[in-house]
Amino acid sequence: MNSTIKYHDDFMQEVIGKINEITKLKAQGKFKEAAKVSYDLAKAKVDYYEQFVNDDEPTSNYKKIHEDDYISALKHLSVAIDEAYEYGILKD
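What counts and what doesn't
- Residues numbered from 1 in each chain as written.
- Predicted model: local features only at pLDDT ≥ 70, side-chain atom pairs only at ≥ 80, totals over all residues.
- Heavy atoms only, no water.
- Helix = DSSP H or I, 4+ residues; strand = E, 2+ residues; numbered from the N terminus.
- Buried < 20%, exposed > 50% of the residue type's maximum accessible area, 1.4 Å probe, protein only.
- Contact = heavy atoms within 4.5 Å.
- Areas by Shrake-Rupley, 256 points an atom, 1.4 Å probe, with all protein chains shown as cover.
- Lys, Arg positive; Asp, Glu negative; His and termini not counted.
- Charge placed at Lys NZ, Arg CZ, Asp CG, Glu CD.
- Core = buried A, V, L, I, M, F, W, Y, C linked by side-chain atoms within 4.5 Å.
- Axes fitted to C-alpha atoms, helices over the stretch in contact; angles between N-to-C directions.
- Parallel < 35°, antiparallel > 145°, perpendicular 65-115°, else oblique.
- Left-handed = near helix turned anticlockwise from the far one by under 90°.
- Nonpolar A, V, L, I, M, F, W, Y, C, P; charged D, E, K, R; others polar.

(A) Up close: the overall build of the protein chain. Summing up its helical and strand segments, the protein chain has 3 helices and 0 strands in all. Its helices and strands taken in sequence order, the protein chain reads α-α-α from the N to the C terminus. When the backbone C-alpha atoms are referred to their principal axes, the protein chain occupies close to 45 × 30 × 20 Å. Burial status across the protein chain gives 26% buried among its 92 residues. In the protein chain, once contacts between residues fewer than 6 apart in sequence are set aside, the share between residues at least 24 apart is 61%. Summed over all atoms, the accessible surface of the protein chain reaches about 6,600 Å², with 51% contributed by carbon and sulfur. Computing the positive centroid from 13 side-chain charges and the negative centroid from 18, the protein chain places the two 7 Å apart.

(B) Structural view of the nonpolar core. Counting 16 residues, the largest nonpolar core has F11, I22, V46, Y49 and L77 as its most contacted members. Secondary structure elements with two or more residues in this core: α1 (8-27), α2 (31-50) and α3 (63-86). With 8 residues, α2 is the largest single contributor of residues to this core. Those residues within four positions of L77 in sequence are excluded, and the remaining contacts are Y39, A42, K43 and V46.

(C) Examining the packing of α1 against α2 more closely. Where α1 contacts α2, the two axes come as close as 8 Å, and the packing angle between them is 165°. With respect to α2, the axis of α1 lies roughly antiparallel. α1 and α2 meet at a crossing whose hand is left-handed. Contacts from H8, F11, E14, V15, K18, I19, E21, I22, L25 and K26 of α1 reach α2 at F31, E33, A34, V37, S38, D40, L41, A44, K45, Y48 and Y49. Each residue belonging to the contact of α1 with α2 can be placed in one class, and the counts come to 12 nonpolar, 2 polar and 7 charged.

Keep in mind these values describe shape, not function.
Right, here's the structure in full:
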């Protein structure tokens, strides 16, 4: 887990940039490159939401939302990992 806190606006700027890059790459038919950026985006989502899921922290009104977002990010990462293996980006 990264110890540096990432702020929401910075995270959203990163997400928008990566989504735009994925869209552009897919339009160019560069699916392997798009899969790599998608994998990077999925890891960034997990890192971001992971900072809010900590049993040592006091419970907030947003705890359930953060947990749901984290689980969703993990699911996105699992799909991105599968795709990365298919394109040879990741290897055993």
